[in-house]
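Tertiary structure, described
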Amino acid sequence: MSIELSAEVAAAVADGTPVVALESTLLAHGLPAGRNHEVGVRLEETVRAAGAVPATIAVLDGTARVGLSADELARVCESDMLKLSLRDLGPAFAMRRDGATTVASTAALAHRAGIGMFATGGLGGVHLAMPGEQAWDISADLDVLAATPVTVVCSGVKSVLDIAATVEVLETRSVPVLGYRTDHFPAFYRRESAFGVPWRVDTPEEAAAVIAAHGETGSSGVLLVNPVPAEFEMDTDLHHRLLTDGMALLRERGVRGKDVTPVLLEHFHTASGGVSLTANIELVAANTRVAAEVAVAQSRR
């Protein structure tokens, strides 16, 4: 695998300094130009403020870069980057392409680099099926998490996905789900879904202890779910209206498969007047802080 660690990340991994991996798809595809670079810098600063080293991951010129320079971070935010899941890494390496890494590919590359903590916004999941259809679109994030011993800190899955099916797949794949100061599985824009979490932890030290114990008993990753900060949670009525209107929009346009989620998210961003975008940014920042605090707690064990 063509992978290079920055000098700072390599030194941190070698001497046991806590490191937090960050994905690049959020920056290249999930946020508008200008805001994406601002958020990328903010996330790295958040990791450093908690006492850890940030490792934003992307593929540049066919090489996986784990830890980006200021110029490389700007390049990710300004260039037309491919979106690379785990299955896409080989072709991108061989053809020397540029690409932003998803949850699945970031987790795999972080593990290869010796990094066990990863912060993101939302985990991919099982996509909603249109009426009368069966959903076959299941994110690669779930299988990668089941096979890769990396802790992913996120705000659950987006409410435009099938949360019930996603929770069931996580259970089937034996992925531990820990609620960080919550008893409910978050729904990204909303702090709570209709589903609970099997385990709750209330401090970085508790999370670190559970992650360590799981490492001795299982081979999967761990999902640590952290709800969007209460002040940025989307209003219930607004959320339900956006989701209802979004599903009607899909039927009207005949949208199917992998195009469903991007269309729904774009609808949320435009129809909410920026509310969903703000929630997205703030929950990622909160998840990054929690990931860094847990990584620091791990290093002290």
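Preceding block: the structure.
Residues numbered from 1 in each chain as written. Predicted model: local features only at pLDDT ≥ 70, side-chain atom pairs only at ≥ 80, totals over all residues. Heavy atoms only, no water.

**Some remarks on empty space enclosed by the protein**
If you walk through the whole model with that rule in mind, you get one cavity of 30 Å³ or more. For the largest cavity, the calculated volume is near 30 Å³. Considering the residues around the largest cavity, the lining is formed by Leu 22, Glu 23, Leu 26, Leu 43, Ala 119, Thr 120 and Val 284. Per-class residue counts for the lining of the largest cavity are five nonpolar, one polar and one charged. (1 Å grid on protein atoms, 1.4 Å probe; cavity = no way out; pocket = protein on both sides within 12 Å on 5 of 7 lines; lining within 4 Å. Points joined across faces, edges and corners; volume = space filled by probe spheres on them. Nonpolar A, V, L, I, M, F, W, Y, C, P; charged D, E, K, R; others polar.)

**Looking at the packing of helix 3 (residues 35-49) against helix 12 (residues 275-300)**
At a minimum axis separation of 8 Å, helix 3 and helix 12 run at an interaxial angle of 20°. The pairing of helix 3 with helix 12 is recorded here as roughly parallel in orientation. The element helix 3 and its partner helix 12 pack so that their crossing is right-handed. Here helix 3 contributes Arg 35, Val 39, Arg 42, Leu 43, Thr 46 and Val 47 to the contact with helix 12, which in turn contributes Leu 277, Ile 281, Glu 282, Val 284, Ala 285, Thr 288, Arg 289 and Ala 292. (Axes fitted to C-alpha atoms, helices over the stretch in contact; angles between N-to-C directions. Helix = DSSP H or I, 4+ residues; strand = E, 2+ residues; numbered from the N terminus. Parallel < 35°, antiparallel > 145°, perpendicular 65-115°, else oblique. Left-handed = near helix turned anticlockwise from the far one by under 90°. Contact = heavy atoms within 4.5 Å.)

**Quick notes on the side chain of Thr 101**
Of note, Thr 101 is situated in strand 6 (residues 99-101). Classification of Thr 101 as buried rests on a relative accessible area of 0%. A distance of 2.8 Å separates polar atoms of two side chains, one belonging to Thr 101 and the other to Thr 106. Residues in contact with Thr 101, not counting those within four places in the same chain, are Glu 23, Ser 24, Thr 25, Ile 57, Ala 58, Val 59, Leu 84, Thr 106 and Leu 109. (Buried < 20%, exposed > 50% of the residue type's maximum accessible area, 1.4 Å probe, protein only. Polar contact = N/O pair within 3.5 Å; in protein donor to acceptor, adjacent residues only side chain to side chain.)

**What about the pattern of salt bridges?**
Counted by the stated rule, this structure contains 12 salt bridges. Arg 200 is paired through a salt bridge with Asp 202; the nearest N and O atoms lie 2.9 Å apart. Residues joined in a network through salt bridges with shared partners are Asp 61, Arg 75 and Asp 98. (Salt bridge = Lys/Arg side-chain N within 4 Å of Asp/Glu carboxyl O.)

**Some details on the nonpolar core**
Among the nonpolar cores identified, the biggest contains 99 residues, and Val 20, Ile 115, Leu 123, Leu 170, Phe 185, Leu 223 and Leu 224 are the most heavily contacted of them. Tallying contributions element by element places helix 12 first for this core, with 12 residues. (Core = buried A, V, L, I, M, F, W, Y, C linked by side-chain atoms within 4.5 Å.)

**Observations concerning helix 7 (residues 140-147)**
When helix 7 is considered as a whole, its buried residues turn out to be Asp 141, Leu 142, Val 144, Leu 145 and Ala 146. Its buried side turned inward, helix 7 meets helix 6 (103-113), strand 8 (151-154), helix 8 (163-172) and strand 11 (222-225).

**Looking at the pairing of strand 4 (residues 63-66)**
Alternating residues of strand 4 divide into Thr 63 and Arg 65 and Ala 64 and Val 66, and every residue in both groups is buried. Examined bridge by bridge, strand 1 (residues 3-5) and strand 4 share three bridges and lie parallel to one another. Looking at the pairing, Glu 4 lines up with Arg 65 of strand 4. Across four bridges, strand 3 (residues 53-60) lies against strand 4 in antiparallel orientation. Within the sheet, the bridge partner assigned to Leu 60 lies in strand 4 and is Thr 63. In this antiparallel pair of consecutive strands, strand 3 and strand 4, the connection spans two residues, and Asp 61 shows a positive phi of 55°. (Pairing = 2+ DSSP bridges.)

**Details of the packing of aromatic side chains**
For the structure on display, the rule yields two aromatic pairs. Judged by centre distance (4.9 Å) and plane angle (80°), the rings of Phe 188 and Tyr 189 are edge-to-face. For the residue pair Phe 188 and Tyr 189, the accessibility class agrees, reading buried in each case. Considering the side-chain rings of Tyr 189 and Phe 268, the 5.3 Å spacing of their centres and the 10° angle between planes classify their relative orientation as stacked. Of this pair, Tyr 189 sits in the loop between strand 9 (177-180) and strand 10 (199-201) while Phe 268 sits in helix 11 (residues 260-271), placing them 79 residues apart in sequence. By the burial criterion, Tyr 189 is buried, and Phe 268 matches it. The structure contains a cluster of three or more aromatic residues connected by ring pairs, namely Phe 188, Tyr 189 and Phe 268. Above the ring of Phe 188, the side-chain terminus of Lys 158 is found at 4.4 Å from the ring centroid. (Phe/Tyr/Trp six-rings, centres within 6.5 Å; stacked < 30°, edge-to-face > 60°. Lys NZ or Arg CZ within 6 Å of the ring centre and 35° of its normal.)

**Focus on the layout of surface pockets**
In this structure, the second largest pocket encloses a volume near 290 Å³. Among the elements of the structure, helix 1 (7-15), helix 9 (204-217) and helix 12 are those that each provide at least two residues to the lining of the second largest pocket. Looking at the lining of the second largest pocket, its residues break down into 11 nonpolar, 12 polar and no charged.

In short, the description is geometric, and any link to function would need to be established separately.
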